[in-house]
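Secondary and tertiary structure notes
Listed below, chain by chain, are the residues.
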Amino acid sequence: MSLIDEWARHRYKKRYSSRSKAGCMTPVKRSCSSIEFTLNGEAQVVDGRLARTTLLEYLREVRQKTGTKEGCGTGDCGACMVAIDELGDDCSDYLAVNACLRLVGSLAGRRVVTVEHLTDSQSSQHPVQRALADCHAAQCGFCTPGFVMSLFALWPSIGTRSDDEIQHALSGNLCRCTGYRPILDAARRLRTMAGEIASLESSESAPIQFPTRPGRRRPARFAGAPGFVAPRSLRELQALLTRHSNVLFVAGGTDVVPRLRDGEFDERTIVLLGELGALRRLSVKGDRIVVGATTPLSKVFSVLVNEYPPLAEFVRRFASVPITNVATLGGNVATGSPVGDTIPLLMCLDAVLVMRRDGRRRRVSIDDFYLGSRRHLLRSREFIEAIELARPQPREFMRAYKVAKRFEQDTSSVVGAFRVVLDDGRITAIRIAFGGLADRPMRARRTEDRLLGRTWNRSAIDAARQTLDEEVHPISDHRGTAQYRRDVAKNLLLKWYLELTDDKPTSIWRQGMAQ
Amino acid sequence: MIKMFTSGRALYVDDAPRMSGMLHAAIGTSAHAHARIASMDLSAVRTAPGVLALLTAADVPGLNDHGPVEADDPIFASDVVEYIGQSVFAVVADSVAAARGAVALASIEYEVLDPTLDIDTALARGRFLSPSVRVVRGDPAGALAHAPRHLSGTLRIGGQEHLYLEGQVAIAIPEEDESLRIVCSTQHPSEVQRLVARACGLKAHDVRVECPRLGGGFGGKETQASLFACIAALGARATGRAVKLRLNRRQDFAITGKRHDFRIDYQAGFGDDGRLHALKIISSSRCGRSADLSIAVNTRALLHFDNAYYLENVEIVSHRLRTHTASNTAFRGFGAPQAILAIEHVLDDVARAVALDPVTVRRRNFYSSAPRDTTHYGMKVEDNVVERLVDELEQSSRYQARRKEASAFNATHRVLKRGVALTPVKFGISFTQTHLNQAGALVNVYTDGTVRVNHGGVEMGQGLHAKVARVVAAEFGIDVAQVRPTPADTDKVPNAPPTAASASSDLNGKAAAQAARAIRDRLANYLASREDTSPAAIEFRDDRAWYGNDSVRFADLVADAYQARISLSATGFYRTPLVHFDPSTCTGRPFFYFVYGAAVAEVTVDVLTGETRLERVDILQDAGRSIDPTIDQGQIEGAFLQGAGWLTSEELVWDDVGRLVTDGPDRYKIPTSFDWPRTFDVRIVDWNENAQDTIFRSKGIGEPPIALAAAVFLAIKDAIAGPSCGPVALHAPATPVEVLRAVRAVAERDRIWGDNERTGAQTESSG
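Note that the coordinates shown come from a computational prediction; the quantities given were computed from them, not determined experimentally.

The next subject is the overall build of chain A. Across its full length, chain A carries 19 helices and 20 strands. Each of the 515 residues in chain A was classed as buried or not, and the buried ones make up 62%. Partitioning the intrachain contacts of chain A with sequence separation of at least 6 by distance along the chain shows that 66% fall at a separation of at least 24. Accessible surface, chain A: about 18600 Å² in total, of which carbon and sulfur atoms supply 48%.

Encoded structure:
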């Protein structure tokens, strides 16, 4: 394979091995008021006053690195995709991240790679770029750097990825020209190549080092600047909250950063929660799953799917990879949109929110948390520390559905989550929750009551559908009419039933994969 | 070229190295769909930090208008505003943030007037943009009355946002002696030149427009880019400094026009054999607040209601409606995809009514030999290959077998239903405004034998530059790597038409070939006289010029010719022959030729949620003798998926006061890679060449395949209908909401799903 030969000849390992890069990072004057990170192997020391600037603005306007494009500014098109070593000090993979949703203040100690770094001065290119070029996977070319970076992040593991996983990895990238076919071809070609390189590696004496492992991160600290604070411990956070009254908590930032850029939160001090290790814990113990509030959804989801395999489809279409790489469960809960995204699922899993204020904890059921549209129980200085979820029980059937105009990366019109425990065909416990059917995510308690204690059969479901019809008061908006939401809610109940009783596929996603 | 894209080194307008002292502009827009501006207090805007200039209607030295056809598009509204997003004023400041921040400080008082927002209201109120056009052939009323079978209905077809990944952007740079250089993302540099000059009170020769490349256009930068270039230019004139205007995505959605949405009311009379006896169509389209290109768009629609079918007795009435929404504009296909979808929708219901296979019904209506070979506008269809295309596709896609498999699947599946549909396309190539069918090119050969070619076309991903370079290389018999195409520039090729109408390779390719040939002839004459042979005996191939068995390297010949003082630069010009069209009577030969294609789409529909998935597509496309099959395949696939998006997930929603709610890719959903079907077979037929003398006998391919997406829409209808034989009232886009509504309607009407168990999904969705 000529591509592989060339790849090996140009010794990408030298370019990308970040251990050497980290080592040659020039020593700089250390100060807590500047933000230090690495961009394409070069140390950056950025004035803390740029903390509220997006990485995209920094790249294009400050550094004149124009390979990273602005397509939408809301994390929906992927033209600004970059790779960042994201998940904490233990992790060594680059993740695809939208630069338009990333504040410079959240980059301390991170390593950022942009498209410019993948082509050297001799114009030799990373295998990802070569594959895209060989497959003619660009027309107008504006989205191409974004696809390059998503595939770059996927490259270390692409050899083992299914077609669907590849599409998922590209779900945050829009292309308006090609129809995606040549881009998918390029990704499949990379998958084949990766396999061949892996076998090459095992047979050759001189091992080829993969270019994509960032290696150990060099710790860097950014305490904050006017309008931006980044606490490193819960104690520090507590102290900050007593000093700053008008604050905006930012975790992944996927919801607030575009609004921040439009000037919505000019008066508020950003409190970055992403650097707090104490909020990023994730454990499965006894009968509970404990999720730190700022744990990225991608990590939360992998644990959830492990516990509840039927959640695979819900998780698959929940959001694009670059979004779930940074978005958090706590952020989702605190945003509290009527559709609710994960909230119906959390209701179904008996979620308990662990909230902290002034050093004191309180525990609140997710069912009691919301007061209305985007209104909830959190008081001033209070934040969510963790979310506790139930683990599966024996004889339990659990499903969650997301319904939207588009399969990938779309806000849902309706979310439905269902969980039942059967004892000898009788319903002994039941949870039914919806998003998009009221001004806030809701438990359908009357419908649950209608089913509890009954035999699990079609007539019980039909009766429950009747009750549900009376129980819901859906909203009407551009995502769906109230009538549609009502119909779908009832149909999801039926779908859940059919999925557990009928042998025929009920999912447009899964049925295709079975073939 | 492609390496530049993958490396991120390709420079778009916004990527140009920063100019020192460059300023940034932002636009203040109307908050109401229809209102009189009672008062406007911009003092806080003027004094905001970083602001250097404020521009309103009063600050336009020339004509306050950017309308491409009619002068009805003010750059800045001054009295009445007519859509939410209409430009009212602009700010020039020392940073993007300062400019955008200052805009928010404006205080404008409106006297709100009653808006007309949609087609139905505009029809009821008689708000016509221009007189309606009526085309009649035969005796539609009589034939309709006597037809054995009848069908009537209404089809609503939604619009479409271009969502070019690169948003609108323009830079204006003041140069010496009052002149201006504009660098902007436009499909029509010559028009930007004309309109900028007109707005600034300059002459055309004072303004130079360059377009490095487009990050997507799709028609959205054919006329819509002018406003932004004009504002940047006015800002540059006001401040004497370079000004950049780049929209954010929400403003881009709000300000710019979209594909026209249509309401089609139809009456069809037909026989039991499925042959149409008569067809009456009332076509009503929403044009928005001004003319823009709406007349031409509706004309092209009018010329495509036949698609591939002979309409013996036909009446088409075309209403063009003025509304208080953004002025709708060109979008790939230019009205034709809407018309093609309409006739395919009708034939689909005809087939269902007579219980025949839809392809059989289509075949019975195809254009064939005289007299069934003349369109309703009087042009003979001479190059018809649709029958052969459909025959081959029916075989290669296993259409009939898959229809049966889908039925079998549907009989045993309660939640998921399959649908299969085949649709053909016949698409006319040429601008219907005949004068636009011209092009110029400039070819320069340098003394080392390398070549630069410039032409009036803009590169926007469609591969135009690559095709033209290939044409020039072929004329000189040299490797294509020796030819460098250069960005569109009004200084190099003046008075060019827009890069549009799928005709740019035809037009610019021919013009460039002519320019190259002029130089080649000079070289041949020179060589013939030097080697004492005849110019006709000289052949250019393999990087050499051959005379008998002897040859000279092309580069050496060029160097010698230079020494001999032979001109190595030439312009070329081309105008499309044969075409003529009278829009007032809708007769003539508007098209040089037709492009044909056919597609089979297979979908799965979830009848519990209305969600759909495109499972498989088979396309057979005529591209004449393709100049570059890889480029053409890219155009076919990209256009097809763009069309599929238009007809499924891409929904434009306005609220009650006329605000576009789906105003960004977070709410407006174009296809992702998941939406490309897992199984596909896209092929360009190898047996056809253009009957007309086009460049290399190729055909235009940019637009025609978007209409193939009608197959996706009809496949969804097929899945919804199942064995039902009544018409399926499905409107486009077939969003989950729309699909579930149609599922309910069919179930309630037919009760075809029988016993309670099997109705499950269907009837209970109504309970």
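Attention now goes to the overall build of chain B. Of regular secondary structure, chain B possesses 20 helices and 29 strands. A globule of 767 residues ought to have a C-alpha radius of gyration of about 27 Å, and chain B, at 28 Å, matches this closely. Across its three principal directions, the C-alpha atoms of chain B cover 90 × 80 × 50 Å. Among the 767 residues that make up chain B, the fraction classed as buried is 66%. A separation of at least 24 residues holds for 79% of the contacts in chain B among residues at least 6 apart in sequence.

Residues and elements named next belong to chain A. Here 4 strands make up an open sheet; going across it, the order is β6-β7-β9-β8 and the pairing mixed. Two strands lie at the open edges of the sheet, namely β6 (224–225) and β8 (247–250), each paired on one side alone. Sheet strands in contact with helix α9 (residues 234–243) are β7 (228–229), β8 and β9 (269–272), and its direction is about 150° off that of β8.

This paragraph deals with the packing of helix α6 (residues 189–200) of chain B against helix α7 (residues 225–239) of chain B. Residue and element names in this part refer to chain B. α7 packs onto α6 with a crossing angle of 40° between their chain directions and a minimal axis gap of 9 Å. The angle between the axes of α6 and α7 places the two elements in the oblique class. As for how α6 packs across α7, the hand of that crossing is right-handed. The residues of α7 that touch α6, namely those facing Glu191, Val192, Leu195, Val196, Ala199 and Cys200, are Ser226, Ala229, Cys230, Ala233, Leu234 and Arg237.

Residues and elements named next belong to chain B. Where helix α16 (residues 554–563) is concerned, the buried positions are Phe554, Ala555, Leu557, Val558 and Ala561. The arc enclosing the buried residues of α16, seen along the axis, measures out at 160°, which places them on a common side. Taken together, the buried residues of α16 touch β17 (438–445), α14 (464–476), α15 (504–531), β21 (538–541), β22 (544–547) and β23 (550–553). Positioned one or two residues after α16, Arg565 has a phi angle of 60°, which is positive.

To continue, consider the state of the cysteines. Across all of its chains, the model carries 0 disulfides over all chains by this definition. Lacking any disulfide linkage, A:Cys143 is separated from the closest cysteine sulfur, that of A:Cys175, by 3.8 Å. Free cysteine: B:Cys287, not disulfide-bonded; nearest cysteine sulfur from B:Cys586 at 15 Å. For B:Cys287, a relative accessible area of 0% gives the class buried.

Residues and elements named next belong to chain B. Of note, the bond from Ala370 into Pro371 is cis; its omega dihedral lies within 30 degrees of zero at 0°. Along the chain, Pro371 falls in the loop between α11 (358–365) and α12 (386–396). Of note, the bond from Ala732 into Pro733 is cis; its omega dihedral lies within 30 degrees of zero at 0°. Here Pro733 is to be found in the loop between α18 (710–721) and α19 (736–750). Look at Asp542: it is not a glycine, yet its phi comes out positive at around 55°. Relative to the assigned elements, Asp542 resides in the loop between β21 and β22.

All right, on to the packing of aromatic side chains then. Residues and elements named next belong to chain A. If you walk through the whole model with that rule in mind, you get 26 aromatic pairs over all chains. Ring centres of Phe418 and Phe434 lie 5.6 Å apart, and the angle between their planes is 85°; this geometry places the pair in the edge-to-face category. Here Phe418, found in strand β18 (residues 414–423), pairs with Phe434, found in strand β19 (residues 426–435); they are 16 residues apart in sequence, far enough to count as distant. Each member of the pair, Phe418 as well as Phe434, is classed as buried.

On to the pairing of strand β7 (residues 133–137) of chain B, then. Residue and element names in this part refer to chain B. Side-chain alternation along β7 places Val133, Val135 and Arg137 on a buried face and Arg134 and Val136 on a face that remains uncovered. As defined by bridge partners, β7 adjoins strand β15 (residues 314–322) across 5 bridges and the pair is classed as antiparallel. Bridged to Arg137 within β15 is Val314.

Ranked by size, the top nonpolar core spans 206 residues in total, and within it B:Val472 and B:Phe476 carry the most contacts. With sequence-adjacent residues up to four places away left out, B:Val472 is seen in contact with B:Val443, B:Val451, B:Val453, B:Val483, B:Ala512 and B:Ala516. In this structure, A:Val82, A:Ala99, A:Met347 and A:Leu353 belong to the second largest nonpolar core, which totals 75 residues.

Before going further, it helps to examine the side chain of A:Asp76. Residue placement: A:Asp76 occurs in the loop between α4 (55–62) and β3 (81–85). Within the structure, the side chain of A:Asp76 is placed 2.8 Å from the side chain of A:Thr74, a separation counted as a polar contact. If we skip the residues at most four places from it in the chain, A:Asp76 touches A:Gly172, A:Leu174, A:Gln409, B:Pro665, B:Asp666 and B:Lys669.

Let's shift gears to the sheet that holds strand β2 (residues 42–47) of chain A. Residues and elements named next belong to chain A. Reading across from one edge, β2-β1-β5-β3-β4 is the order of the 5 strands in this open sheet, with mixed pairing throughout. Each end of this open sheet is capped by a strand with a single partner; those strands are β2 and β4 (94–98). Ignoring which end each strand starts from, the neighbouring axes of this sheet average 35° apart. Inspection of the sheet shows β3 paired to β4 by 5 bridges, in the antiparallel sense. In the sheet register, Val82 faces β4, and the bridge partner there is Val97. Running over the sheet, helix α6 (residues 144–154) touches β3, β4 and β5 (111–113) and is turned about 30° from β3.

So, on to the environment of B:Arg484. All names here are of chain B. Along the polypeptide, Arg484 turns up in strand β19 (residues 483–485). Between the C-alpha atoms of Arg484 and Asp65, which are 419 residues apart in sequence, the distance is 37 Å. Look past the residues within four positions of Arg484 in its chain and what remains in contact with it is Val451, Arg452 and Val453.

The next subject is the confidence of the model for chain B. All names here are of chain B. When pLDDT is averaged along chain B, the result is 96, and 98% of the positions lie at 70 or above. Segment residues 752–767: pLDDT under 50, and 35 contacts once partners within four positions in sequence are set aside and those in other chains are kept. The complex prediction reports pTM at 0.95, with the ipTM value standing at 0.97.

So, on to α4(A). Along an α-helix, a turn takes 3.6 residues, which lines up residues three or four apart on a common side. All names here are of chain A. Listed as buried for α4 are Leu55, Leu56, Tyr58, Leu59 and Arg60. Tucked into the core, α4 has its buried residues touching β1 (34–39), β2, β3 and β5. Just downstream of α4 lies Gln64, where phi reads positive at about 55°.

The final tally for this structure, using the stated rule, is 113 salt bridges over all chains. Ionic pairing is found between A:Glu313 and A:Arg510, a salt bridge with its closest N-O pair at 3.5 Å. Of the two residues, A:Glu313 sits in helix α12 (residues 312–318) while A:Arg510 sits in helix α19 (residues 510–514), which places them 197 residues apart along the sequence. With a relative accessible area of 14%, A:Glu313 lands in the buried category. For A:Arg510, a relative accessible area of 34% puts it in the partly exposed group. Each of the salt bridges in this network shares a partner with another, and the network as a whole consists of A:Arg60, A:Lys69, A:Glu70, A:Arg261, B:Asp14, B:Asp15, B:Lys244 and B:Arg246.

Definitions and cut-offs
- Residues numbered from 1 in each chain as written.
- Chains lettered and ligands numbered in written order.
- Predicted model: local features only at pLDDT ≥ 70, side-chain atom pairs only at ≥ 80, totals over all residues.
- Heavy atoms only, no water.
- Helix = DSSP H or I, 4+ residues; strand = E, 2+ residues; numbered from the N terminus.
- Buried < 20%, exposed > 50% of the residue type's maximum accessible area, 1.4 Å probe, protein only.
- Contact = heavy atoms within 4.5 Å.
- Areas by Shrake-Rupley, 256 points an atom, 1.4 Å probe, with all protein chains shown as cover.
- Rg over C-alpha atoms; globule rule 2.2 N^0.38 Å.
- Pairing = 2+ DSSP bridges.
- Axes fitted to C-alpha atoms, helices over the stretch in contact; angles between N-to-C directions.
- Parallel < 35°, antiparallel > 145°, perpendicular 65-115°, else oblique.
- Left-handed = near helix turned anticlockwise from the far one by under 90°.
- Arc of directions from axis to C-beta.
- Disulfide = S-S within 2.5 Å.
- Phe/Tyr/Trp six-rings, centres within 6.5 Å; stacked < 30°, edge-to-face > 60°.
- Core = buried A, V, L, I, M, F, W, Y, C linked by side-chain atoms within 4.5 Å.
- Polar contact = N/O pair within 3.5 Å; in protein donor to acceptor, adjacent residues only side chain to side chain.
- pLDDT = per-residue confidence, 0-100.
- Salt bridge = Lys/Arg side-chain N within 4 Å of Asp/Glu carboxyl O.

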